[in-house]
Amino acid sequence: MACLSTVGLLAWLVTWIGIGCESATVKVTLMDTDRVPPGSTPTFICVTSDPGRRQSKQPVIIKWTKGPNQPLPDDPTRYRPSKDKKYLSILSVKKSEEGWYYCHAETASGQAISGKANLYVIGDNF
């Protein structure tokens, strides 16, 4: 009987360690398509995940950038992150705005993580 409980304990421990080894992630996608015409309004979605953590301990979205660390232009009439920062819309997008957009988050343990999506603006500006 003691052998059986030891095997059960080992199985639980291996499962627990396996879950604990999964790392936090940030996934960024565009709502409809990554190829948009000039003048349209693409919207990015940022989804964070930290397997094995409670909902209250999930990564917190900090900010959006263009490229790994270039701040977005300070233009609230065109660059509109949602209140919870899960979404970023660019109103009346221009060809010059295509490129990588990053969503930066922080885990409950303070680790910085980020994800990115590439925006293509097809055609010419108006």
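Residues numbered from 1 in each chain as written. Predicted model: local features only at pLDDT ≥ 70, side-chain atom pairs only at ≥ 80, totals over all residues. Heavy atoms only, no water.

S.K.: Describe the overall build of the protein chain, and please don't skip the residues or the numbers.
M.R.: Scanning the protein chain from terminus to terminus reveals 1 helix and 9 strands. Listing each helix as α and each strand as β along the protein chain from the N terminus yields α-β-β-β-β-β-β-β-β-β. Expressed as a percentage of its 126 residues, the buried residues of the protein chain come to 33%. Approximately 8300 Å² of the protein chain is accessible, and the part contributed by carbon and sulfur atoms is 58%. (Helix = DSSP H or I, 4+ residues; strand = E, 2+ residues; numbered from the N terminus. Buried < 20%, exposed > 50% of the residue type's maximum accessible area, 1.4 Å probe, protein only. Areas by Shrake-Rupley, 256 points an atom, 1.4 Å probe, with all protein chains shown as cover.)

S.K.: Pulling in residues and values, what's your account of the state of the cysteines?
M.R.: Applying the stated criterion to the full structure yields 1 disulfide. The disulfide that involves Cys 46 links it to Cys 103, with 2.0 Å between the sulfurs. Judged by the sign of its S-S torsion, about -85 degrees, the cystine formed by Cys 46 and Cys 103 is left-handed. You can see Cys 46 sitting in strand β3 (residues 43-49) and its partner Cys 103 sitting in strand β8 (residues 99-106), a full 57 residues away along the chain. (Disulfide = S-S within 2.5 Å.)

S.K.: Please provide a residue-by-residue account of the nonpolar core, values included.
M.R.: Core analysis: the largest hydrophobic core is formed by 21 residues, its most contacted members being Val 28, Phe 44, Trp 64, Tyr 101 and Leu 119. Looking at this core, the elements with two or more residues in it are β1 (25-30), β3, β4 (60-66), β7 (87-90), β8 and β9 (112-121). Per-element accounting of this core gives the leading share, 4 residues, to β9. Not counting chain neighbours up to four residues away, the residues in contact with Leu 119 comprise Leu 30, Asp 34, Val 36, Pro 42, Phe 44, Ile 90, Val 93, Glu 97, Glu 98, Gly 99 and Tyr 101. (Core = buried A, V, L, I, M, F, W, Y, C linked by side-chain atoms within 4.5 Å. Contact = heavy atoms within 4.5 Å.)

S.K.: Describe the layout of surface pockets, listing the residues and the values that go with them.
M.R.: The space that makes up the largest pocket amounts to roughly 250 Å³. Contributing to the lining of the largest pocket are Ile 45, Cys 46, Val 47, Thr 48, Gln 55, Ser 56, Gln 58, Pro 59, Val 60, Ile 61, Asp 84 and Lys 86. Only β3 and β4 provide two or more residues apiece to the lining of the largest pocket. Considering every element that reaches the lining of the largest pocket, the biggest residue donor is β3, with 4 residues. Looking at the lining of the largest pocket residue by residue, the class counts come to 6 nonpolar, 4 polar and 2 charged. (1 Å grid on protein atoms, 1.4 Å probe; cavity = no way out; pocket = protein on both sides within 12 Å on 5 of 7 lines; lining within 4 Å. Points joined across faces, edges and corners; volume = space filled by probe spheres on them. Nonpolar A, V, L, I, M, F, W, Y, C, P; charged D, E, K, R; others polar.)

S.K.: Kindly report on the pattern of salt bridges, identifying the contributing residues and their values.
M.R.: What the rule picks out here adds up to 3 salt bridges. A salt bridge links Arg 53 to Asp 50; the shortest N-O distance between them is 3.4 Å. The exposure class of Asp 50 is buried, given its relative accessible area of 9%. Here Lys 95 ties to Glu 98 by a salt bridge, and the two come within 3.7 Å at their closest N and O atoms. Take Lys 95: its relative accessible area is 33%, and that puts it in the partly exposed class. Of the residues examined, Glu 98 reaches a relative accessible area of 30% and is grouped as partly exposed. (Salt bridge = Lys/Arg side-chain N within 4 Å of Asp/Glu carboxyl O.)

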